[in-house]
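# Summary of structural features
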Amino acid sequence: MKNRNYLNSAGAAIMSDRTVEVITDYLKLEQQIGGYEAMFASAEEQAIFYTRVQVLINANDVTEIAYTDGGSRGWNSLLNGLDQNTVDSFVTLSSEYVTNITTLKILADKYNKPLHIIPCKIDGSFEIDLLAEKVVMGKCCIAISEATAQGSIVNPIEAIGEIAQKNNAIYIVDGTQSTGQIPIDVQAMKCHAFTANGRKWLRGPRGTGFMFIKSGAPFTTQILDGSSSRAYSVNGEIKVDVVDTARQFEMWERCIGNMLGLSQAIKEYLDLGPTTVHEQIVKYANQIRKTICGNENIFLVGKVGSKSGIIGFIAKDEETHIRISDLFSKNDITISVVNEWACPLFFDKKTQVYRLAAHHDVSPKRIEKLCKVISEV
Ligand SMILES: Cc1ncc(COP(=O)(O)O)c(C=O)c1O
């Protein structure tokens with residue numbers, strides 16, 4: 001990988017050597033003393049994970065944090081755990097990721113409640129007044145992403161939080177594509193719940209993530225095990241006490257090595273400083289966006305002045321699309337493609353978007369080389 005220009009941090013970023021070491025060291029410990037014994041021996045390190053996430057997103061308390069195995073898991077758990085008496089409609093955006101749309105659609109159908117999808121333009125913009133109108137209409141659940149998967153789109157998460165608060169709406173934010181690149185503050189968002197995964201901008205391992213549930217917010221897990229609840233018998237009758245923190249959403253079984261790996265990745269990110277990391281990511285992204293906008297053979301998905309490091313662009317025709325693929329592969333540049341599969345309400349079946357996502361530690365030389373390749377398209 002060290003020889004390639006890696007621009008797929010919006011898919012899965014490259015883990016640091018130390019993060020990989022933390023994971024493999026833990027697996028070796030399991031091999032040496034046993035899986036349960038290693039779990040007991042690492043109890044303190046596991047507890048630190050929750051503190052780090054709390055700091056990362058500015059939660060009030062560690063009890064508001066739960067470990068998950070990915071962004072979609074968190075999103076599904078939250079929405080399926082939402083007290084349906086508190087909502088009579090759902091509001092989201094047409095720029096949303098497939099999981100987010102699907103979960104909302106299934107839930108809306110199941111409970112026979114309207115799902116309002118606010119239409120977005122190709123630059124991600126939408127009429128916030130239209131969104132506000134739908135929210136005002138009743139007991140609403142607003143569920144949207146901060147940064148989207150397909151391009152330079154960052155939603156006005158704090159302004160929507162104001163609308164939610166004013167109207168007593170439940171507000172869920174997907175931070176899968178923002179966490180690790182854009183500094184996160186769940187207090188400023190005024191959200192009731194927040195989800196993220198570990199493998200993207202945070203540079204954690206695959207199969208990891210977390211969620212935040214504000215203390216007192218109306219979410220209850222629908223799936224229990226012996227760590228998220230305690231079952232006991234009273235005069236022959238079964239009683240079940242559910243853990244009264246966000247951790248009721250966790251399962252006892254997990255790859256603890258991966259959880260510790262994500263914890264290490266978060267530590268590194270916090271040590272570097274979220275603002276410093278974000279500034280570098282945006283600097284690179286602006287350089288790349290400027291190059292794209294200077295080439296009439298391709299056009300940008302999103303906004304030129306975006307604060308997201310994700311860049312989507314579309315070729316003017318099929319021949320150019322194929323040429324871009326060849327050019328990137330010849331120059332050892334790793335990129336990804338996004339299409340209707342990931343964003344079903346945003347793209348038509350034909351559209352193929354190249355996605356670039358440079359992390360802060362890509363060298364300036366590599367970004368220059370990338371821009372040169374883009375300008376040759
Ligand atoms: C905006 C957004 N939300 C949610 C997800 C789902 O995350 P995961 O793949 O960890 O389930 C993705 C994945 O690409 C995403 O881009």
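Residues numbered from 1 in each chain as written. Predicted model: local features only at pLDDT ≥ 70, side-chain atom pairs only at ≥ 80, totals over all residues.

## As for the domain arrangement of the chain
Its domain assignment divides the chain into domain 1 (5-12 + 274-376) and domain 2 (17-272). When each unit is reduced to the centre of its C-alpha atoms, the spacing between domain 1 and domain 2 is 27 Å. Every contact between the two is made by 30 residues of domain 1 and, on the other side, 27 residues of domain 2. Secondary-structure elements contributing two or more residues to the side of domain 1 that touches domain 2 are helix H1 (9-12), helix H11 (274-293), strand E11 (298-301), strand E12 (310-315) and strand E15 (352-357). A per-element tally of the side of domain 1 that touches domain 2 places H11 first, with seven residues. (Domains from an automatic or database assignment. Contact = placed C-beta atoms within 7 Å. Helix = DSSP H or I, 4+ residues; strand = E, 2+ residues; numbered from the N terminus.)

## Observations concerning helix H10 (residues 256-272)
Taking 1.5 Å of rise per residue, the 17 residues of H10 would be expected to cover 24 Å, and the 24 Å separating its terminal C-alpha atoms lies within 8% of that figure. Burial runs high along H10: 12 of the 17 residues are buried. Buried within H10 we find Ile-256, Gly-257, Asn-258, Met-259, Leu-260, Gly-261, Leu-262, Ser-263, Gln-264, Ala-265, Ile-266 and Tyr-269. Buried positions along H10 lie against helix H2 (17-33), helix H3 (35-41), helix H4 (43-57), strand E2 (65-68) and H11. Gly-273 lies just past H10 and shows a positive phi near 100 degrees. (Expected span 1.5 Å × (residues − 1). Buried ≥ 20, exposed ≤ 12 C-beta atoms within 10 Å, placed from the backbone.)

## Quick word on the site of the ligand
In the vicinity of the ligand, 13 residues are found, and the nearest of them are Gly-70, Gly-71, Ser-72, Ala-149 and Asn-197. Across the shell around the ligand, the residue classes tally to two nonpolar, 10 polar and one charged. (Near = placed C-beta within 6 Å. Nonpolar A, V, L, I, M, F, W, Y, C, P; charged D, E, K, R; others polar.)

## Description of the sheet that holds strand E6 (residues 170-174)
Overall, mixed pairing links the seven strands, which are arranged E2-E8-E7-E6-E5-E3-E4 in an open sheet. Edge positions in the sheet fall to E2 and strand E4 (115-118), since each of these pairs with one other strand and no more. Sheet twist, expressed as the mean angle between neighbouring strand axes with direction ignored, is 15 degrees. By the bridge criterion, five bridges tie strand E5 (residues 140-145) to E6 in an arrangement that is parallel. Note that in E6 the partner of Ser-145 across the bridge is Asp-174. Contacts from H4 reach E2, strand E7 (193-197) and strand E8 (209-213) within the one sheet, and its direction differs from that of E2 by about 110 degrees. Lying on the sheet, helix H6 (residues 98-111) is in contact with strand E3 (89-93), E4, E5 and E6; it crosses E3 at an angle near 160 degrees. (Pairing = 2+ DSSP bridges. Axes fitted to C-alpha atoms, helices over the stretch in contact; angles between N-to-C directions.)

## Here's the deal with the pairing of strand E10 (residues 237-242)
Two faces, one strand: in a regular strand the side chains alternate between the faces of the sheet. Of all six residues that make up E10, zero are buried, and the element is exposed over most of its length. The pairing of strand E9 (residues 229-234) with E10 spans six bridges and is antiparallel. Bridge pairing in E10 places Ser-233 opposite Ile-238. Hairpin geometry of E9 and E10 is characterised by an intervening segment of two residues between the two adjacent antiparallel strands and by a positive phi of about 50 degrees at Asn-235.

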